[in-house]
Amino acid sequence: MESNNSVFSHHISSQFNENIHDVNTKFMAMGGLVEQQVTNAIHALLDTNLDLAIKVQFEDNAVNRLEREIDEALTLILARRHPAASDLRMVIAMSKANTDLERIGDEAAKIARIAQNLCEEGESPRGYMETRHIGNQVRIMLRDALDTFARLDADAAVQVMRADADIDREYSSAMRTLMTYMMEDPRHISRVINVMWVLRSLERIGDHARNICEQVIYMVKGMDVRHTDVDQVEQQVQSNKLGQQK
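Residues numbered from 1 in each chain as written. Predicted model: local features only at pLDDT ≥ 70, side-chain atom pairs only at ≥ 80, totals over all residues. Heavy atoms only, no water.

Take helix α6 (residues 154–184) next. Taking 1.5 Å per residue as the helical rise, α6 with its 31 residues ought to reach 45 Å, and the 46 Å between its terminal C-alpha atoms agrees with that figure. Within α6 the residues assigned to the buried category are Ala154, Ala156, Ala157, Val158, Val160, Met161, Asp164, Ile167, Tyr171, Ala174, Leu178 and Met182. Structurally, the start of α6 carries an N-cap: the backbone nitrogen of aspartate 155 is 3.2 Å from a side-chain oxygen of aspartate 153. (Helix = DSSP H or I, 4+ residues; strand = E, 2+ residues; numbered from the N terminus. Expected span 1.5 Å × (residues − 1). Buried < 20%, exposed > 50% of the residue type's maximum accessible area, 1.4 Å probe, protein only. Polar contact = N/O pair within 3.5 Å; in protein donor to acceptor, adjacent residues only side chain to side chain.)

Below is the structure:
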């Protein structure tokens, strides 16, 4: 496995190296902020914490600002440094991962808005077992995805991608359970629909975390594994590794 430092140290110029390091630092700071947003949004919902729900929505402004700053920095790198080969892959991958991070922030803000509405309506957190379970899975997946990005670890990225399939299965199962609950007790339809929207946002966060892992593989291996089954991705990564060792 190539470490972060070794991947970032073989570029066409020292200035490119410095620029890309600056962007990477800002990206990881944005990742930490988004990760906290997701955690706080889930807590705001489950604990009916109005102040925390409002805080998450306010912090989305900071995430959006960082996304713009990273985009501008990457655009300047393309314009001034004219990167090629692996350097160009890195710029492209970071740009796409930046978009995914911003969208995770958007989903966290959606969860926080629903939490705020439920708090103001006086709804209790009953029936949120599915949200708690899937929320914990998603938080772990996002943390691990950001860790693989920080270390540029393609093998670990594949394993994180596997978690997305588990979350998708849990999501489908939870939606069936909630549909049954609504049919059996129509009095709670409004609250259950809100929970469904939360689960949908959590499932989307898992998808974006997977996308970030795909960009790690693209940076490190030069392989586009979008829309590819995770077993095939693992085979391609292992085959690529063997080819590099020969």
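Having put the structure on the table, let's press on.
Relative to the assigned elements, glutamate 130 resides in helix α5 (residues 129–151). Arginine 191 is the oppositely charged side chain nearest to the buried, salt-bridge-free glutamate 130, at an N-O distance of 9.2 Å. If we skip the residues at most four places from it in the chain, glutamate 130 touches Ala174, Thr177, Leu178 and Leu199. (Lys, Arg positive; Asp, Glu negative; His and termini not counted. Salt bridge = Lys/Arg side-chain N within 4 Å of Asp/Glu carboxyl O. Contact = heavy atoms within 4.5 Å.)

For helix α4 (residues 85–121), built from 37 residues, the straight-helix expectation of 54 Å at 1.5 Å per residue is met to within 8% by its first-to-last C-alpha distance of 55 Å. Taken from the residues just after α4, glycine 122 is the one with a positive phi, measuring 75°.

Even without glycine at this site, threonine 48 takes up a positive phi of about 45°. The topology assignment puts threonine 48 in the loop between α2 (14–46) and α3 (50–81). In the Ramachandran plot, histidine 82 falls in the positive-phi region, its phi being about 50° despite a non-glycine side chain. Relative to the helices and strands, histidine 82 resides in the loop between α3 and α4.

Next up on the list: the nonpolar core. A general trend in soluble globular proteins is that nonpolar side chains are found buried together. Counting 72 residues, the largest nonpolar core has Leu202 and Ile217 as the members making the most contacts within it. Elements with a minimum of two residues in this core: α2, α3, α4, α5, α6, α7 (189–221) and α8 (230–245). At 15 residues, the largest contribution of residues to this core is made by α7. Aside from chain neighbours lying at most four places away, what touches isoleucine 217 is Ala154, Ala157, Val158, Met161, Gly222, Met223, Val225, Val233 and Val237. (Core = buried A, V, L, I, M, F, W, Y, C linked by side-chain atoms within 4.5 Å.)

Before going further, it helps to spend a moment on the packing of α5 against α7. The interhelical angle for the contact between α5 and α7, taken along N-to-C directions, is 20°, at an axis separation of 9 Å. Viewed along their axes, α5 and α7 adopt a mutual orientation that is roughly parallel. At the point where α5 passes α7, the crossing takes the left-handed sense. Contact residues: Glu130, Thr131, Ile134, Gly135, Val138, Met141, Leu142, Ala145, Thr148 and Phe149 in α5; Val195, Val198, Leu199, Leu202, Ile205, Gly206, Ala209, Arg210, Ile212, Cys213, Val216 and Met219 in α7. (Axes fitted to C-alpha atoms, helices over the stretch in contact; angles between N-to-C directions. Parallel < 35°, antiparallel > 145°, perpendicular 65-115°, else oblique. Left-handed = near helix turned anticlockwise from the far one by under 90°.)

Another aspect to go through is the pattern of salt bridges. Under the definition given, this model contains 13 salt bridges. Notably, a salt bridge pairs aspartate 153 with arginine 151, separated by 2.8 Å at the nearest N-O pair. Judged by its relative accessible area of 8%, aspartate 153 is buried. On the basis of relative accessibility, which here comes to 32%, the residue arginine 151 falls in the partly exposed class. Among the ionic pairs, aspartate 207 bridges to arginine 204, the shortest N-O distance being 2.9 Å. Taken together, the residues aspartate 207 and arginine 204, both in helix α7 and three residues apart, mark about one turn of the helix. By relative accessible area, which is 16% here, aspartate 207 ends up buried. Arginine 204 sits in the partly exposed class, given a relative accessible area of 26%.

The predicted coordinates of low-pLDDT regions are not to be read in fine detail. Taken residue by residue, the protein chain gives an average pLDDT of 88. The fraction at 70 or more is 91%. Mean pLDDT across the secondary structure elements of the protein chain bottoms out at helix α1 (residues 4–7), with 48, and peaks at α3, with 95. (pLDDT = per-residue confidence, 0-100.)

Here we take up the packing of α5 against α6. Helix-helix packing is described using two parameters, namely the angle between the two axes and the distance between the axes. Closest axis-to-axis distance for the α5/α6 pair is 10 Å, and the angle between their directions is 165°. Between α5 and α6, the interaxial angle falls into the category roughly antiparallel. α5 and α6 meet at a crossing whose hand is left-handed. From α5, Glu130, His133, Ile134, Gln137, Val138, Met141, Asp144, Ala145, Thr148 and Arg151 reach across to α6, where they touch Ala156, Ala157, Val160, Ala163, Asp164, Ile167, Glu170, Tyr171, Ala174, Thr177 and Leu178. The class makeup of the residues in the contact of α5 with α6 is 12 nonpolar, four polar and five charged. (Nonpolar A, V, L, I, M, F, W, Y, C, P; charged D, E, K, R; others polar.)

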